[in-house]
Amino acid sequence: MAIEKVAVIGAGVMGAAIAAHVANAGYQAVLLDIVPEGSDNRNVLAEGAVAKMLKTKPAPFMHKRNAKLVATGNLEDNLDMVADCDWICEAIIERTDLKQDLYKKLDTVRKPGSIVTSNTSTIPLKTLMEGMPESLQKDFAITHFFNPPRYMRLFELVKGPMTRDDAIEDLRQFADVALGKEVIDCFDTPGFIGNRIGIYWSFVAIKSAFDLGMTVEEADAVCGKPMGIPSTGIFGLGDLTGIDLGPKVNASMLSELPASDPFCQEYDENHPMVNTIAQMIEEGYTGRKGKGGFYRMNKDGGKKIKEARNLKTGEYAKAAKPQLGSVKAARKGLQALVEFDDVGGKYAWEILSKVISYAANLVGEISDNIIAIDSAMKTGYAWKYGPFEQLDQLGNQYFIDRLAAEGKPVPEFLKKVGDRPLYKEEGTDAFYMTLEGEYAKVPVAEGAWMLADIKRGKEPVMSNKGASIWDLGDGVACLEIHTKMNSIDQDVVTMLQQCAKLDKKGFKALVIGNDADNFSVGANVGVVLFAANAAMWPVIENSISEGQNALMKLKYAPFPVVAAPAGMALGGGCEIVLAADTVQAHAESYMGLVEVGVGVLPGFGGCKELVFRAIQNKKRPGGAMPALATVFENISTAKVATSAAEARDMYIMREGDAVTMNRKRVLADAKAKALSMVDGYQPPEQVEINLPGPTAAAAFDMAVQGFVTMGKATAYDAVVGAEVGRVLSGGDTDITQPITEKKMLQLEQEGFMKLLHNTKTLDRIEHMLTTGKPLRN
């Protein structure tokens, strides 16, 4: 039975966000909770949760309109709302008795064959199903989302001894394709995979910092980017998730794990760490949701100052940037980090030696393969590398020898591996180490591949330092940008020009995409600043012309072009998306024309494309001005869509453009879309539009001046905004004169060069390059 409608029971932070993400996928969701005592509104918990999510940042909803897909109610009056649901997900308090009482009630109203699951992260499935009817046990599983459900990709799936295989397959398919999750099959063990290792890791990392006398800043500097951990570090992560959560999950694991487990062996209720955290909770220092945590923001003289807590005294002082040689050494790799003779090197080894050993000893107990464990830590805890990928960086033999030299036990699994890597590549195939100590081919699901799977063991069709063209098969090529942050430079423009000729090499369609975190962050402004400071104005003008011409040739190429953005597609990156015939975007695509942040305007056709789309949009409000006003607001404020769904409101995505929820399926879906367009393909017709000219430009200028007067914009914002308004209005024209794309591109180039001659624009560019933040001059 395909899943078409989902019920979530429990409107807490997690349950409500699960319902929101079901709605993000375009499916109807039912959200129910209890009736609180003394409340006039019996649905207040569920309704209040939806209302709160509409204001929450980061947003659980990909678009506010998705909230309309969530129907709310209560468990006393509206339990029958689950009767037509295909999947009922329980997300209530972690108490077995309450969960089992709920399951009994659900079993009286749910339709035959509907799937019931728990979002529990601590209670084993076998415990939840004790005494439950066989009919329920056949339809029951655990589906553990990670918080926040919209953004964290891990979805742990646990089946019981009686769970139907087809129910598990329905859940796997829905979570993968509809919800965009990395589905990991887990055994029914405490904490499953992510939390079993993650809770141990966080405990060891914090405890070791105390034992080594480190500051929170030092610990986070090491247990952060150098180890492939998010930049929050371990103490910053505690502040983010809530310091009061730690003792709860620790207590849960202690109650579930055998006394011989390293976590139980490491735990000491009298340790300074345990006492410090208890004191912080008592004082209200529970992290970002409280008065602060290991860090806090202190307002001094109107300025926010980040302070860090002294782990010994409990006092706060201005956070300092640690000067650790080990952090610098980490640029050469993990082995250089753990071998560096300072407290950071000792700390890194203390964490890695324990956590990797823990993971190695759990292979076969929590999962039957290392890929699942690595994937769980990457998609559930946002690690760049899983524990076995970290081990490959250290070298397994090095790891074994160092453990042995220190008198520490060597996991049996690692003894089987010996001096071989855990992962390897041969030709076009990738392999991983099995529990038996032999290699097996890494499975690649149909329609869920990355560009790396295509590239392995092959050479590109053509390539330079900035970009490469790869053969995806079936006559479809792929342009991959691979500069730093996928910024656009002359090499990228050159390869864009080559793309327009791919039909001469036998290709019949093109996909533009990559595996990187970001599609493209826009032009390399460092090159622009250098050229401007050297007064190389003809060179800059020529670069703009080449970029415009390359994207125009792509737009009118004799074959379909599909953009496949994921992550950020900003500035010039967004303009590449706008030049494509159609878009197959990852749901978490953040697109926008942000050039005004560095004092210029879009110069590769972004202004032109949005203006043409706005004027030609049949659903636009009456007259040209409302449509142009939307474009002007978006460009002049450097607005960025925070999802592919929001990009539709900004004319970046159009009717016919599509969204893929799973990051691993974006390129496959884009290729399929491109192939579907090949037969009978005709390039778009070149059209002209009519624009109001100076009257509209004056209106835009007045609007910006009003913001300056109110203090919402700076004086130079007005200068840049006026130039944006002039371009969008069509320059010196009137509503009776048709405007061509070529004319709009000419206006863009003129506006770009005019602003680039202004020293305040150069100041903005330099400030962005130096600080990574826009200058409000």
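Anyway, here's the lowdown on the structure attached to this text. (Residues numbered from 1 in each chain as written. Predicted model: local features only at pLDDT ≥ 70, side-chain atom pairs only at ≥ 80, totals over all residues. Heavy atoms only, no water.)

**Thoughts on the nonpolar core**
Here is the rule: Only buried residues count toward a nonpolar core, which is a set of Ala, Val, Leu, Ile, Met, Phe, Trp, Tyr and Cys residues joined through side-chain atoms within 4.5 Å. With a 1.4 Å probe rolled over the protein chains alone, any residue whose accessible area is under 20% of its type maximum counts as buried; one over 50% counts as exposed, and the rest are partly exposed. Strands here mean DSSP runs of E at least two residues long; helices mean DSSP runs of H or I at least four residues long; both are numbered from the N terminus. What makes two residues a contact is simply this: any of their non-hydrogen atoms within 4.5 Å.
In this structure, Trp201, Met227, Phe235, Tyr347, Phe388 and Phe413 are the most contacted members of the largest nonpolar core, which totals 101 residues. In terms of residues, this core owes the most to one element, helix H15 (residues 343-362), which gives 11 residues. With near-sequence residues (within four places) excluded, Phe235 lies in contact with Ile206, Ala209, Phe210, Val216, Ala219, Asp220, Phe294, Tyr295 and Leu311.

**Concerning the packing of aromatic side chains**
Where we set the bar: When two rings of Phe, Tyr or Trp (its six-membered ring) have centres within 6.5 Å they constitute a pair, described as stacked for plane angles under 30 degrees, edge-to-face for angles over 60, and tilted for the intermediate range. Geometrically, a lysine NZ or arginine CZ counts as sitting over a ring once it is within 6 Å of the ring centre and also within 35 degrees of the ring normal.
Throughout the structure, instances matching the rule amount to 18 aromatic pairs. Here the aromatic rings of Phe263 and Tyr267 are separated by 6.4 Å at their centres, their planes lie at 35°, and the arrangement is tilted. Judged by its relative accessible area of 1%, Phe263 falls in the buried class. Here a set of aromatic residues connected by ring pairs shows up, and it is made of Tyr27, Trp87, Phe145, Phe155 and Phe174. Directly above the aromatic system of Phe431 lies the positively charged group of Lys424, at a separation of 5.9 Å from the ring centroid.

**Some words on the environment of Leu554**
Mapping Leu554 onto the fold places it in helix H23 (residues 537-555). Placed 200 residues apart in sequence, Leu554 and Lys354 show a C-alpha to C-alpha distance of 53 Å. Residues in contact with Leu554, not counting those within four places in the same chain, are Leu496, Cys499, Ala500, Leu510, Ile512, Val561 and Ala579.

**Side note on the sheet that holds strand S9 (residues 295-300)**
Test applied: Being paired, for any two strands, means DSSP has found at least two bridges between them. Helix axes use the C-alpha atoms of the stretch in contact, all axes being lines fitted to C-alpha atoms, and the angles between their N-to-C directions lie in the range 0 to 180 degrees.
Pairing is antiparallel across the open sheet formed by 3 strands, whose spatial order is S9-S10-S11. The sheet is open, and its two borders are formed by S9 and strand S11 (316-318), each paired with just one other strand. The mean angle between the axes of side-by-side strands here comes to 45°, regardless of whether they run parallel or antiparallel. Bridge count for strand S10 (residues 303-309) against S11 is 3 bridges, and the pairing is antiparallel. Following the sheet pairing, Glu307 is matched in S11 by Lys318.

**Overview of the sheet that holds strand S4 (residues 87-90)**
Ordered in space as S3-S2-S1-S4-S5-S6-S7-S8, the 8 strands form an open sheet in which the pairing is mixed. Only two strands of the sheet have a single partner each, and these edge strands are strand S3 (70-74) and strand S8 (182-185). Strand-to-strand twist across the sheet, computed as the mean angle between neighbouring axes with direction ignored, equals 25°. Pairing geometry for strand S7 (residues 154-159) and S8, over 4 bridges, is parallel. Following the sheet pairing, Leu157 is matched in S8 by Asp185. In this fold helix H1 (residues 13-24) packs onto strand S1 (5-9), strand S2 (28-33), S3, S4 and strand S6 (140-145), with an angle of close to 165° to the strand it touches most, S2.

**Description of the packing of helix H7 (residues 194-211) against helix H16 (residues 370-380)**
For clarity, the cut-off: By the definition used in this description, the sense in which the near helix is turned from the far one sets the handedness, with an anticlockwise turn below a right angle giving left-handed and a clockwise turn giving right-handed. Residues are grouped as follows: Ala, Val, Leu, Ile, Met, Phe, Trp, Tyr, Cys and Pro are nonpolar; Asp, Glu, Lys and Arg are charged; all remaining types, including Gly, are polar.
Following both chains from N to C, one finds H7 and H16 inclined at 60°, their axes separated by 9 Å at the closest point. With respect to the hand of their crossing, H7 and H16 are arranged in right-handed fashion. Listed contacts from H16 to Gly194, Ile197 and Gly198 of H7 are Ile373, Ala376 and Met377. Here the residues of the contact of H7 with H16 are counted per class, giving 4 nonpolar, 2 polar and no charged.

**Brief notes about the pairing of strand S17 (residues 476-481)**
Within S17, 6 of the 6 residues are buried, leaving the element largely enclosed by the surrounding structure. Of the two faces of S17, the one carrying Val476, Cys478 and Glu480 and the one carrying Ala477, Leu479 and Ile481 are both buried. With 6 bridges joining them, strand S16 (residues 467-473) and S17 adopt antiparallel strand pairing. Note that in S17 the partner of Asp471 across the bridge is Ala477. Counted between consecutive antiparallel strands, the loop separating S16 from S17 contains 2 residues, among which Asp474 sits at a positive phi close to 60°. As defined by bridge partners, S17 adjoins strand S18 (residues 509-512) across 4 bridges and the pair is classed as parallel. Counterpart to Leu479 in the pairing with S18 is Ile512.

**Description of the pattern of salt bridges**
The following threshold applies: For salt bridges, the criterion is a side-chain nitrogen of Lys or Arg within 4 Å of an Asp or Glu carboxyl oxygen.
All chains considered together, the criterion is met by 49 salt bridges. In this structure, the salt-bridge partner of Lys5 is Asp84, at a minimum N-O distance of 3.1 Å. Remark: Asp84 occurs in the loop between S3 and S4 and Lys5 occurs in strand S1; sequence separation between them is 79 residues. You can call Lys5 buried: its relative accessible area is 17%. Given a relative accessible area of 42%, Asp84 falls into the partly exposed group. Taking the shortest distance from any N to any O, the salt bridge between Lys608 and Glu609 comes out at 3.1 Å. Relative accessible area serves as the criterion here: at 4%, Lys608 is assigned to the buried category. Among the residues examined, Glu609 registers a relative accessible area of 3% and is labelled buried. One salt-bridge network, in which partners are shared between bridges, spans Asp107, Arg110, Asp139, Arg164 and Asp166.

**Some points on a positive patch on the surface**
Cut-off, in case you're wondering: Each patch groups residues whose relative accessible area exceeds 30% and which form no salt bridge, using 9 Å between like charges and 5 Å between nonpolar side chains of Val, Leu, Ile, Met, Phe, Trp and Tyr. To be clear on the numbers: accessible area is Shrake-Rupley with a 1.4 Å probe, and residue cover counts the displayed protein chains and nothing else. Only four residue types enter the tally: Lys and Arg on the positive side, Asp and Glu on the negative side; His and the chain ends are excluded. A single reference atom marks each charge: NZ on Lys, CZ on Arg, CG on Asp, CD on Glu.
A contiguous patch of positive charge on the surface is contributed by Lys225, Lys321, Lys328, Arg331, Lys384 and Lys484. By the element assignment, Lys321 lies in the loop between S11 and helix H13 (325-329). Residue classification places Lys321 among the exposed residues on the basis of a relative accessible area of 73%.

Fair warning: the whole summary comes from geometry, so function is off the table for now.
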